[in-house]
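Next come the chains, spelled out residue by residue.
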Amino acid sequence: MAIYVDEQTRTFYLESKNTTYAFCANPFGFLQHIYFGKRIAREDLSYGVFLNARGHGSHIPHGNWMQSLNQYSNECPTFGRSDYRESAVALDFDGVRVFDWQYVGYTILKTKPPLEGMPSVRGKDTLVVSMRDERTGAAIDLSYTVFDDVPVILRHAVIRNGGKKPFTVDRAYSFCLDLPDADWQAVTLYGAHTRERFMQRADLKRGVFSVDSKRGVTSGQMNPFAAFVRKNTDENTGEAYGVNLVYSGDFVLKAQIEESDTVRVLGGINDYDFSWRLEPDQTFTTPEAVLVYAEHGLGEMSRAFHDLYRAYLINPRYVRAPRPVVLNSWEAAYFDFDEKKLLEIIDATAKTGVDTFVLDDGWFGARNGDNAGLGDWVVNTQKLPRGLTPLIERTHERGLKFGLWFEPEMVNPDSDLFRAHPDWAIHVDGLEPCPGRNQLVLDLTRDEVCDYIVGAVSKVLRENAIDYVKWDMNRCLTENYSAHLGARGKETHHRYVLGLYKICERIVNGFPHIFFEGCAGGGCRFDPAMLYYFPQIWTSDNSDAYWRTVIQYGTSLCYPVSAMSCHVSDCPNHQCGRVTPFSSRGDIAHLGATGYEFDPTRMSAEEIAAMHGQIAAYKDMQDLVLNGDLYRLHDPLDGNLFAFELVSKDGDRAHITVMRSLCLPNDKCLRLFPRGLDENATYFIPETGVEKAGSTLMYYGLIVNIPFGDFTTATYTLLRR
C-alpha cells in the first residue's frame, strides 16, 4: 500500500515513487509535518523533532514554555495561536479570526475523487485527513494523493461550515510544506507578453519571498510554479522541490524564513482582494497543488512533472496522438482577407505538407480590426458572403483539416452583444471600465453569460465541419467586481475562473472530435488547469527562433514539450525584427507541437520543398516530442548555446537540437554531453556516421558542428544498434 498509518503514533507515511511524505497528529491535536524527501523506512520519527527555546513568544495551551506552534512544522497552520508565520487558512467569524484545528480522523480512498468545479490530476490512492474547530464548527479535509510511478504528492483542501452561522474564508491555500533548514534558493518563471517564462534563481533571505498574479489569469508575468533547490543543484545533481498549481486565476506562492531557520513553503488562490462567504453546510475547495521531490537536479524534477501531466492530466484522447501540423492565417493576412484570398491561401497550404489550415481572427461579426465584433459569433458576411462553408469544403477537398479561432471570454463595446447586454461585461456602475485591446471581459460569474457563450460557440461548431479550435484570451481582468454579487465582490475573480471551467467542460467535452488549442495573448495563461482542457497551448506570440529557445527552455521546467505549440513564422520576425535561417526556425519549432505562421502564396518552390523536408523530419521525431524524456543540455541565457535532448523511454533513440546564437570567429570546439542513454549500448549517429558507446557519448562527449552564421542550428539523431 502506498499509504500507511501507524495507529499507535497517529503517523501517516505517504509513499510515491522513491519518496516518503510523513506527518502525524501529535499529542496537541494539530497535524505536524515531519518529512518529505527520498524514501525512508516507516519508523518512529519523533526523535527528530527538536524544539529550541525561543524567548519573547507564547506557547500551546497546557504545553510547556518551549512548545510554541512557531517552532513546529505544520500541515495546515493558522494564525493567532502562537504561530507567527504565514498561515494556510484564514477565517472570519463576525470579526473573530481565531480558531483551532483539532485532528478528527482519516479516510483512505482507492480512487481520487475529482475536485468540485475545478480540473485536477487523475489519481488513485488518496488519504483524506479531517480536522475541526469545536468552537465554531468550521472543519477542513486535507487531501493527499500518491503515485507508484512518479515522485509526486497531490494536495488540496476542502473547508466545511459545520456550524450554524455563516463565516468568511479570507485565505484558502492548497498546501503547506516546512523544509528543515534555510539553505535554499527559489527558481521561478517570470516574464511579460512575448517573453513569457524566463527562468530566474534567487537565494531565500529572512522574511517572505513571494510570486503571484492579481490579473485574473495566471499570467505571463509570473507562472504558478516554483522550485526550491540547494545552491549546488543543477540540471543533474542536487535536491529540488517543485510546486505547480492546477489553477488558472489569481495565485500566490510563498517561502518564509523566520527565527527557526527553516523554510515554510505554501500557496494557492491569491488572498489579495479575495474572500468567500460560506453558509452552514457549504464547502469551499482549493485548487490542487502538485508537489515533486527530485534527488538528482532540476532535470529529474521536470521529467516528473512531464510524466505526471502526460499520464494523468492531459486529455487521454490526444496526449499520445500525433498533433495537427498547422498553418495559421494570422501572420498571413491578419484582418485583411476575403473569400478569394482565403481560398488562394488554402490552395497554397495544400502544397506545403501541413495537414490543418486554421482561420484566425477576423471571420465574424463586424470584425475588420480589433475594435469591433467580439462576442458576435456569426460569420462576417461582408468578407465571407457565402459563409464558412466554401472555405471548409475547399480545405477538406485539398486533404486538409479546418480550424477556427475564437475568443469566447471577451466582448467589444462595438458589438451587437454589448449593445444588447452592456451589463454582461465586468464593470462598476458609474466608473468607465479600463479597456484592453479595445475589448472588455465578459462576466463569467453569471450563468446567463456562460450559457450565451456555450450556445453561440456551440452553434458554430455544430453547423460547420470544424476539426480544430484555437481558444484565445487577449487581456487581463480589471474592475474586480460583479454587480450581481453585490457585497460579495471579492469572490469575482475566483468565480470567473470557475465559470471558465464550466464553459470549457461544456464546449470542449461537448465536441470530443474537435482538437482544442489554448491561447491567452500568446502564453499568458499557460498552466496545468488549461492543459486539462487543451492538450497544447500557444507558447508565446513571440515566434522568433532565438527568443523561443529561451521561452521554451523556461516553460519546460514543469510543462512537457508536447504541450508547447511552436510555429515557424516569417522573417524579418513580426515581434522583434530578427532574421534567422528557415532551417533554424524549423528545428526550434520541432521541439513542441509544430506549425507555421505565414502566407504560403508568397513562398518559392525552394521554400515549399524545404517545408516538406521540415515536416517529414518532425514526423520522424514526433514520438519523442509526445513521449520522450527531456534533458536540457544548455541554457541559452547562460552563454552562446542552446541545446535540448529528447530520449525515448527505452533509451533506443535520442534527438539533439543545438542553436548557436552568435557566430564567433575562430571559436572553440563545441562538445555536448548527452544524457539518458544506455551506457552499455552502441549508438549510431546518421548525421556524422559516428558509432560510439552510450558511455563514450555521455562522458567523453559529442562533437557538434554548427553551420556558419548567426542563429544557426544543428540536429543529431542517436540510434541504438
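The rules behind each value
Residues numbered from 1 in each chain as written. Predicted model: local features only at pLDDT ≥ 70, side-chain atom pairs only at ≥ 80, totals over all residues. Heavy atoms only, no water. Pairing = 2+ DSSP bridges. Helix = DSSP H or I, 4+ residues; strand = E, 2+ residues; numbered from the N terminus. Axes fitted to C-alpha atoms, helices over the stretch in contact; angles between N-to-C directions. Contact = heavy atoms within 4.5 Å. Phe/Tyr/Trp six-rings, centres within 6.5 Å; stacked < 30°, edge-to-face > 60°. Parallel < 35°, antiparallel > 145°, perpendicular 65-115°, else oblique. Left-handed = near helix turned anticlockwise from the far one by under 90°. Nonpolar A, V, L, I, M, F, W, Y, C, P; charged D, E, K, R; others polar. Buried < 20%, exposed > 50% of the residue type's maximum accessible area, 1.4 Å probe, protein only.

A. A look at the sheet that holds strand 21 (residues 326–328). Read once around its circumference, the closed barrel built from eight strands follows the order 21-22-23-26-27-28-29-30, with strand pairing classed as parallel. In this sheet, adjacent strand axes meet at a mean angle of 30 degrees when their direction is disregarded. Taken together, the three bridges between strand 21 and strand 22 (residues 356–359) define a ladder with parallel strand orientation. When the bridges of strand 22 are listed, Val-326 appears paired with Thr-356. Running over the sheet, helix 10 (residues 582–589) touches strand 29 (564–569) and strand 30 (593–597) and is turned about 170 degrees from strand 29.

B. Highlighting the packing of aromatic side chains. The full count for this structure, using the stated rule, is 47 aromatic pairs. On the numbers, 6.2 Å between centres and 50 degrees between planes, the contact of Phe-357 with Phe-402 is tilted. In this pair, Phe-357 sits in strand 22 while Phe-402 sits in strand 23 (residues 401–406), placing the two residues 45 residues apart along the sequence. Look at Tyr-468 and Phe-515: their rings are 5.7 Å apart centre to centre, the planes differ by 15 degrees, and that puts the pair in the stacked class. Of the two residues, Tyr-468 sits in strand 26 (residues 468–471) while Phe-515 sits in strand 27 (residues 515–518), which places them 47 residues apart along the sequence.

C. Here's a closer look at the packing of helix 3 (residues 339–349) against helix 4 (residues 389–397). Where helix 3 meets helix 4, the closest approach of the two axes is 10 Å, and the angle between their N-to-C directions is 15 degrees. Judged on the interaxial angle alone, helix 4 and helix 3 are roughly parallel. The handedness of the crossing between helix 3 and helix 4 comes out as right-handed. For the pair helix 3 and helix 4, contact is made by Glu-339, Leu-342, Leu-343, Ile-346 and Asp-347 and by Pro-390, Leu-391, Arg-394 and Thr-395, respectively. Broken down by class, the residue content of the contact of helix 3 with helix 4 amounts to five nonpolar, one polar and three charged.

D. Representation of unusual backbone geometry. The omega torsion across Cys-571 and Pro-572 is 0 degrees, close enough to zero to call that bond cis. Summarising the element assignment, Pro-572 is placed in the loop between strand 29 and helix 10. The residue Ser-82 is not glycine, and still its phi comes out positive at about 90 degrees. Mapped onto the secondary structure, Ser-82 falls in the loop between strand 4 (31–38) and strand 5 (89–92). On the basis of relative accessible area, Ser-82 is assigned to the buried category, the value being 5%.

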